[in-house]
Amino acid sequence: MSSRTVRHLGAAAVLAATAACAVGPERAAPVDAAVAAAPSATATASPAGETPTPPAPVPKTLSFAGKTLDGTAFSAAALAGRPVVLWFWAPWCATCASQAWTVAEIAPKYRDTVPIVGVAGLGEQKAMKEFVTEFELAGTPQLDDRAGAVWRRFKVAEQSTFVILDRNGKVVHQGFLDGESLTRQVETLARG
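First, a word on what this report is: a plain description of the structure on this page. Being a predicted model, the structure only gives us computed values, none of them experimental. (Residues numbered from 1 in each chain as written. Predicted model: local features only at pLDDT ≥ 70, side-chain atom pairs only at ≥ 80, totals over all residues. Heavy atoms only, no water.)

Points about the overall build of the protein
Then, number 1: Helix and strand counts for the protein come out as six helices and seven strands.
Then, number 2: Reading the protein from its N end, one meets helices and strands in the order α-α-β-β-β-α-β-α-β-α-β-β-α.
Then, number 3: Looking at the 192 residues of the protein, the share that counts as buried comes to 41%.
Then, number 4: Summarising the internal contacts of the protein: among those between residues at least 6 apart in sequence, 69% fall at separations of at least 24.
Then, number 5: Working note: accessible area of the protein is about 10,400 Å², and carbon and sulfur atoms make up 57% of it. (Helix = DSSP H or I, 4+ residues; strand = E, 2+ residues; numbered from the N terminus. Buried < 20%, exposed > 50% of the residue type's maximum accessible area, 1.4 Å probe, protein only. Contact = heavy atoms within 4.5 Å. Areas by Shrake-Rupley, 256 points an atom, 1.4 Å probe, with all protein chains shown as cover.)

Points about the environment of I116
Then, number 1: Inspection of the secondary structure assignment puts I116 in strand β4 (residues 116-120).
Then, number 2: Put simply, I116 and F162 are 46 residues apart on the chain and 9.7 Å apart in space, counted from C-alpha to C-alpha.
Then, number 3: Look past the residues within four positions of I116 in its chain and what remains in contact with it is V85, V103, I106, A107, T140, P141 and V186.

Details of helix α3 (residues 94-110)
Then, number 1: Between its first and last C-alpha, α3 extends 25 Å over 17 residues, near the 24 Å set by a 1.5 Å rise per residue.
Then, number 2: At V103, α3 is bent by approximately 30 degrees, the largest bend along its length.
Then, number 3: Looking only at α3, the buried set comprises C96, A97, Q99, A100, T102, V103, A104, I106, A107 and Y110.
Then, number 4: The inward-facing, buried residues of α3 contact β3 (84-89), β4, α4 (125-134), β6 (161-165) and α6 (179-191). (Expected span 1.5 Å × (residues − 1). Bend = angle between axes of the 7 residues up to and from the residue.)

Thoughts on the pattern of salt bridges
Then, number 1: Per the stated rule, a full pass over the model turns up three salt bridges.
Then, number 2: Across the pair K126 and E130 runs a salt bridge, and its minimum N-O distance is 3.5 Å. With a gap of four residues between them, K126 and E130 both fall in helix α4, about one helical turn apart.
Then, number 3: Note that R146 and D144 form a salt bridge whose closest N and O atoms lie 2.8 Å from each other.
Then, number 4: Residue classification places R146 among the partly exposed positions, given a relative accessible area of 45%. (Salt bridge = Lys/Arg side-chain N within 4 Å of Asp/Glu carboxyl O.)

Quick look at the side chain of T68
Then, number 1: In this fold, T68 is placed in the loop between β1 (65-67) and β2 (73-75).
Then, number 2: By relative accessible area, which is 10% here, T68 ends up buried.
Then, number 3: A polar atom in the side chain of T68 sits 2.3 Å from the side chain of D70.
Then, number 4: With sequence-adjacent residues up to four places away left out, T68 is seen in contact with F74, Q142, L143 and D144. (Polar contact = N/O pair within 3.5 Å; in protein donor to acceptor, adjacent residues only side chain to side chain.)

Topic: the pairing of β4
Then, number 1: Most of β4 sits out of view: five of its five residues are buried.
Then, number 2: Burial of the side chains of β4 extends over both faces: I116, G118 and A120 are buried on one face and V117 and V119 on the other.
Then, number 3: In this structure, β3 lies alongside β4, joined through five bridges in parallel fashion. When the bridges of β4 are listed, F88 appears paired with V119.
Then, number 4: Viewed along the sheet, the connection from β3 through α3 into β4 turns out right-handed.
Then, number 5: Note: β4 against strand β5 (residues 142-144), three bridges, orientation parallel. By the bridge assignment for β5, A120 is matched with D144. (Pairing = 2+ DSSP bridges. Right-handed = clockwise from strand over helix to strand, strands pointing away.)

A word on the pairing of strand β7 (residues 171-175)
Then, number 1: As paired elements, β6 and β7 share four bridges and run antiparallel to each other. Across the sheet, F162 pairs through a bridge with G175, a residue of β7.
Then, number 2: If you look at the hairpin formed by β6 and β7, you'll find five residues sitting between the two strands, and G169 has a positive phi there, around 90 degrees.

Some points on the environment of V156
Then, number 1: When you line up the elements, V156 lands in the loop between α5 (149-153) and β6.
Then, number 2: Taking relative accessible area as the criterion, V156 reaches 10% and is therefore assigned buried.
Then, number 3: C-alpha of V156 to C-alpha of F88: the two residues are 68 residues apart in sequence and 7.8 Å apart in space.
Then, number 4: If near-sequence neighbours (up to four positions away) are discounted, V156 is found in contact with F88, W151, T161, V163 and Q174.

Following this line, the structure appears as structure tokens:
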């Protein structure tokens, strides 16, 4: 790791910790999540000699954190500045199963431009993990939202629901999408 990368990681961690203090403990993202998000901050660095691009402001819609099904800390703030697709699913849902194949196919292609984040709920963790394995979704973040906090945040009442946010964090779609429609929406967002 170069000394420049180390400086960027250190600066990102300090900024994240400062921001966490400014918003109070009820809104603060875990420090581990902020540090985990730090490498993406270095991706915005400009070529040598130029000033790095400042991180995007975090819209209220992306001001939440949690854990993935594999126990990794997750901070939605790391997605700021990009369009985002949140996919609310349940492990026993046949519609979700049919959509899982599309998500597994397109998510890796658009990971850096239009991240897709699964929000698993309405089921047991074991069943959720089996769903992720069966449909080969392990490369896509899958939040463990058994408590329903993210579902309530976005007022999602049923699975399968897609919530699509533009790069400013504004909800531009909320509801059902079949595989074809999801693919078209993500392609459109990726083009800018």
